[in-house]
Amino acid sequence: MTTRIGIGFDAHEFECGETLILGGVSIPYEKSLSGHSDGDVVVHSIIDALLGASNLGTKGQHFPSSNAKLKGISSLIMLENIGGLLLNAGWRVVNLDATILAQRPKLEQFFKLMANRISLTLNIQESSVSIKATTTDHMGFIGREEGIATYAVALIESKP
């Protein structure tokens, strides 16, 4: 059996809006994240980590921002697509770990729901998805509350 690790990163700036989507969950907040899709940096970083581990291309190759049909798409739909791609290539997700970098809003109360949405989308155990957050102590674009970023790591293995 082959085991591989991938790392992902994504960042989006805030824009005016009332729907902040993180980990597939609507978070009450006065701003949203810009992006061609729903701007979900958590799911985008997980997609990057899965694609990196499997060496099956990039998020931009699979979901180009030049494709008008993808405008506003739910990132969970994108994740479901990538999950299917991995399965078809003989991979299974062992676990995911994501760290959200955000000065505000406070997100701890949403971690379990995010893990649930992601695990259901990929058809894996909820305990295989770890979501956490940290601030940058008011440093940089995150500390100035101009946007949010996320790092993710994925462990995958070939199916027996």
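Residues numbered from 1 in each chain as written. Predicted model: local features only at pLDDT ≥ 70, side-chain atom pairs only at ≥ 80, totals over all residues. Heavy atoms only, no water.

Engineer: Lay out helix H1 (residues 41-54) in plain terms, naming residues and giving numbers.
Structural biologist: For H1, built from 14 residues, the straight-helix expectation of 20 Å at 1.5 Å per residue is met to within 8% by its first-to-last C-alpha distance of 20 Å. Across the 14 residues of H1, 12 count as buried, placing the element largely inside the fold. Regarding H1, the residues found buried are Val41, Val42, Val43, His44, Ser45, Ile46, Ile47, Ala49, Leu50, Leu51, Ala53 and Ser54. Between the side-chain oxygen of the N-cap and the backbone nitrogen of valine 42 there are 3.1 Å, and the N-cap of H1 in question is aspartate 40. (Helix = DSSP H or I, 4+ residues; strand = E, 2+ residues; numbered from the N terminus. Expected span 1.5 Å × (residues − 1). Buried < 20%, exposed > 50% of the residue type's maximum accessible area, 1.4 Å probe, protein only. Polar contact = N/O pair within 3.5 Å; in protein donor to acceptor, adjacent residues only side chain to side chain.)

Engineer: Mind laying out the packing of aromatic side chains, listing which residues take part and the relevant values?
Structural biologist: One pass over the structure, following the stated rule, counts 2 aromatic pairs. Ring centres 4.8 Å apart and planes at 50° place the aromatic pair phenylalanine 9 and tyrosine 151 in the tilted group. Pair noted here: phenylalanine 9 is in strand E1 (residues 3-16) and tyrosine 151 is in strand E7 (residues 147-158), with a separation of 142 residues, a long-range link. Classification of phenylalanine 9 by relative accessible area gives partly exposed; the value is 39%. Ring plane angle 45° and centroid distance 5.6 Å describe the contact between phenylalanine 14 and tyrosine 29, whose orientation is recorded as tilted. Highlighted residues: phenylalanine 14 in strand E1 and tyrosine 29 in the loop between strand E3 (25-27) and strand E4 (31-33), separated in sequence by 15 residues. (Phe/Tyr/Trp six-rings, centres within 6.5 Å; stacked < 30°, edge-to-face > 60°.)

Engineer: Outline the packing of H1 against helix H3 (residues 75-88), listing residues and values.
Structural biologist: Running from N to C, H1 and H3 cross one another at 15°; their axes reach a closest spacing of 10 Å. Judged by the angle between their axes, H1 and H3 are roughly parallel. For H1 against H3, the interelement crossing comes out left-handed. Taking contact as the criterion, the partners of Val43, His44, Ile46, Ile47, Leu50, Leu51 and Ser54 in H1 are, on H3, Ser75, Leu76, Met78, Leu79, Ile82, Leu85 and Leu86. The residue makeup of the contact of H1 with H3, split by class, is 11 nonpolar, 3 polar and no charged. (Axes fitted to C-alpha atoms, helices over the stretch in contact; angles between N-to-C directions. Parallel < 35°, antiparallel > 145°, perpendicular 65-115°, else oblique. Left-handed = near helix turned anticlockwise from the far one by under 90°. Contact = heavy atoms within 4.5 Å. Nonpolar A, V, L, I, M, F, W, Y, C, P; charged D, E, K, R; others polar.)

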